[in-house]
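For reference, the chains in residue letters:
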Amino acid sequence: MQAESNQLWNEDLAPTSEAQRTWRWYHFAALWVGMVMCIPAYTLSASLIEGGMSGYQAVWTVFLANAIVLVPMLLIGHAGAKYGIPYAVLARTSFGVRGARLPALMRAIVACGWYGIQTWFGGQMIYTLGGVLIGHPLGGDNITGLGINAAQLICFLIFWGIQFWYIFHGMESIRQLETYTAPLKILICFVLLAWVYNKAGSFGALLDQPSQFVEGGKKAGQFWTTFWPSLTAMIGFWATLALNIPDFTRFAKSQKDQILGQTVGLPAPMGLLALMAVIVTSATVVLYGKALWDPVDVASRMTGAAVLIALVILLIDTVSVNLAANLVGPAYDFSALNPKLISYKTGGYITAGIALVMMPWKILETTQGYIFTWLIGYSALLGPIAGILIIDYYFIRQTQINVPALYEEHGQYSYQKGWNMAAVIAFAMGVVPNIPGFLNAAFPASFPEVSAMLKTIYTYAWFVGLAISGIVYFVLMRNKRASV
């Protein structure tokens, strides 16, 4: 198989051996706790409360979204645990051995964007920490063309370099980092809660503040029009991982380990983090007279050793989250584009390189409402892929995959010259209905005439894309089920 089809195979994409399957349920739980405890996840509640929700409504929306996205996580993760194959190889069953490059590239591009943004956040923490250590904020004139000063650039490059060490040392180093840092993150959450309560004397009034949707409120009667796009955006937050979760579950000791670990590690910790964010922010209103949703800002206002410890913990947190959520997937995806030339490590180097040249601070500067516009926007791309993968694996193949054929140029999954046009058509039909709504949301001045119906469809982008693509794919493939 390897000699005939080395264009589709390398050691990193090959099915995992029994010896490589070392991840138990607590490793998966630690992985998720490690990824959940991150700055963007912490600040999600802010966007919901600013949209008019009460603190409790925001927390429940975050929890519900993660309970929903857990379902495709477990369904798609099943294939990784059963056959030991990564997402980029699993996609070959539905898109074809060549066509699988399309969903792999879609996933990789989104992850590169997140990897760069998280690296910028990490660099900013080093920048803040440096200012605390020397007793005054770092500063200086912005570098022409970059839009940031020299100290910010150096801090960004330092954090980029820290992560590069883990890329070089591979997947096992990332697993160890997640396992050892997860308990530390839980501990620091309780320390932060204790600190704000001790300083403020209470958790403030934000928790008791009613939503703006109640009768007499600023947005009375508008709860559902805010809730559904918010829910879709929250689902979009982990939509990338819902696709490439086989990259992790392929190392599972058993199917039970990946199911139990993910169920324990995702919805509840995400909801608890949102609750903690609301509580801490509520206390900052008492302490500082305004709501501070940025944990780095909160940490920088601590005194003595507390600020140093808090910022170091946040640094470790951002490294572990970024590597697990935004590096592993694209590293495999880029490898799948040309397995002969690109290994997992090389794919990681490509991801880190793109993050370096994309200048993520400019993305954050120029993208208004990036959380909602971007999260819903790329969920419109990734939802259709999830629908196709789930329908193909469970309804077309009934969880039976011919693994050797996944690495064969002219095998069962070659379709037409390596492309399964049924998957391509289904993907396109799942994406198209959401395009007008996305253009209106991202560029309202340029696309103001989008109908209310298309805007509403975009509100449910992930659900719409998943359902349409899944149904279309099933219809187009139903006559091939017998041969499969």
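How each quantity is defined
Residues numbered from 1 in each chain as written. Predicted model: local features only at pLDDT ≥ 70, side-chain atom pairs only at ≥ 80, totals over all residues. Heavy atoms only, no water. Helix = DSSP H or I, 4+ residues; strand = E, 2+ residues; numbered from the N terminus. Rg over C-alpha atoms; globule rule 2.2 N^0.38 Å. Buried < 20%, exposed > 50% of the residue type's maximum accessible area, 1.4 Å probe, protein only. pLDDT = per-residue confidence, 0-100. Contact = heavy atoms within 4.5 Å. Axes fitted to C-alpha atoms, helices over the stretch in contact; angles between N-to-C directions. Parallel < 35°, antiparallel > 145°, perpendicular 65-115°, else oblique. Left-handed = near helix turned anticlockwise from the far one by under 90°. Nonpolar A, V, L, I, M, F, W, Y, C, P; charged D, E, K, R; others polar. Patch = residues over 30% accessible without salt bridge, like charges linked within 9 Å, V, L, I, M, F, W, Y side chains within 5 Å. Areas by Shrake-Rupley, 256 points an atom, 1.4 Å probe, with all protein chains shown as cover. Salt bridge = Lys/Arg side-chain N within 4 Å of Asp/Glu carboxyl O. Polar contact = N/O pair within 3.5 Å; in protein donor to acceptor, adjacent residues only side chain to side chain. Core = buried A, V, L, I, M, F, W, Y, C linked by side-chain atoms within 4.5 Å. Phe/Tyr/Trp six-rings, centres within 6.5 Å; stacked < 30°, edge-to-face > 60°. Lys NZ or Arg CZ within 6 Å of the ring centre and 35° of its normal.

### A few points about the overall build of the protein chain
Part 1 of the reasoning: Counting its secondary structure elements, the protein chain contains 23 helices and zero strands.
Part 2 of the reasoning: In summary, the protein chain has a C-alpha radius of gyration of 23 Å against a globular reference of 23 Å for 484 residues, a match within 12%.
Part 3 of the reasoning: Dimensions of the protein chain along its principal axes, counting C-alpha atoms only, are 70 × 50 × 50 Å.
Part 4 of the reasoning: Looking at the protein chain residue by residue over its 484 residues, the buried ones come to 57%.

### Points about the confidence of the model for the protein chain
Part 1 of the reasoning: The share of residues in the protein chain with pLDDT of 70 or more is 92%, and the mean pLDDT across the chain is 85.
Part 2 of the reasoning: Mean pLDDT across the elements of the protein chain ranges from a minimum in helix α18 (residues 360–366), with 71, to a maximum in helix α20 (residues 421–431), with 97.
Part 3 of the reasoning: Low confidence marks residues 1–5, where pLDDT is under 50. Its contacts with residues over four positions away, or in another chain, come to seven contacts.

### Looking at the packing of helix α2 (residues 39–50) against helix α3 (residues 55–83)
Part 1 of the reasoning: Look at α2 against α3: their axes get within 9 Å of each other, and the N-to-C directions meet at 125 degrees. As judged from the angle between their axes, α2 and α3 are oblique. Where α2 crosses over α3, the two elements pack in a sense that is right-handed. Here α2 contributes Ser-45, Leu-48 and Ile-49 to the contact with α3, which in turn contributes Gly-55, Ala-58, Thr-61 and Val-62.
Part 2 of the reasoning: Split by residue class, the contact of α2 with α3 holds four nonpolar, three polar and no charged.

### A word on a nonpolar patch on the surface
Part 1 of the reasoning: Together, Trp-419, Met-421, Ile-425, Met-429 and Leu-476 line one region of the surface with nonpolar side chains, adding up to about 420 Å² of accessible area.
Part 2 of the reasoning: Ranked by residues supplied to the nonpolar patch, first place goes to α20 with three residues.
Part 3 of the reasoning: If you trace the backbone, Met-429 turns up in helix α20.

### Description of the side chain of Asp-257
Part 1 of the reasoning: Mapped onto the elements, Asp-257 comes out in helix α12 (residues 255–265).
Part 2 of the reasoning: In terms of polar contacts, Asp-257 uses its side chain to reach the backbone amide nitrogen of Trp-25, at 2.9 Å.
Part 3 of the reasoning: For Asp-257, the side chain forms a polar contact with the side chain of Ser-254, separated by 2.8 Å.
Part 4 of the reasoning: Ignoring sequence-local partners within four residues, the contact set of Asp-257 consists of Trp-23, Arg-24, Trp-25 and Phe-28.

### Points about the nonpolar core
Part 1 of the reasoning: With 148 residues, the main nonpolar core has Trp-32, Met-73, Trp-238, Leu-323, Ile-401 and Tyr-473 as its most contacted residues.
Part 2 of the reasoning: Residue contacts for Tyr-473: discarding those within four places in its chain leaves Thr-93, Ser-94, Ile-388, Ile-391, Asp-392, Ile-396, Arg-397, Asn-420, Ala-422, Ala-423 and Ala-426.

### Focus on unusual backbone geometry
Part 1 of the reasoning: Of note, the phi angle at Gln-398 is positive, near 50 degrees, even though the residue is not glycine.
Part 2 of the reasoning: With respect to the element layout, Gln-398 can be found in the loop between α19 (370–396) and α20.
Part 3 of the reasoning: Gln-398 gets classed as exposed once you look at its relative accessible area, which sits at 54%.
Part 4 of the reasoning: For Tyr-415, which is not glycine, the phi dihedral falls at a positive 50 degrees.
Part 5 of the reasoning: Following the sequence through the fold, Tyr-415 ends up in the loop between α19 and α20.
Part 6 of the reasoning: Since its relative accessible area comes to 22%, Tyr-415 is described here as partly exposed.

### Focus: the packing of aromatic side chains
Part 1 of the reasoning: As enumerated under the stated definition, the model contains 24 aromatic pairs in all.
Part 2 of the reasoning: Here the aromatic residues Phe-213, Phe-223, Trp-224, Phe-227, Trp-228 and Tyr-460 are joined through ring pairs into a cluster of three or more.
Part 3 of the reasoning: Here the basic side chain of Lys-345 rests over the ring of Phe-168, its NZ or CZ set 4.6 Å away from the ring centre.

### Some details on the environment of Leu-31
Part 1 of the reasoning: Within the secondary structure, Leu-31 is located in helix α1 (residues 25–36).
Part 2 of the reasoning: Placed 219 residues apart in sequence, Leu-31 and Arg-250 show a C-alpha to C-alpha distance of 14 Å.

### Description of the environment of Gly-201
Part 1 of the reasoning: Here Gly-201 lies in the loop between α8 (171–200) and α9 (223–237).
Part 2 of the reasoning: When the C-alpha positions of Gly-201 and Ser-300 are compared, they lie 20 Å apart, and in sequence the two are 99 residues distant.

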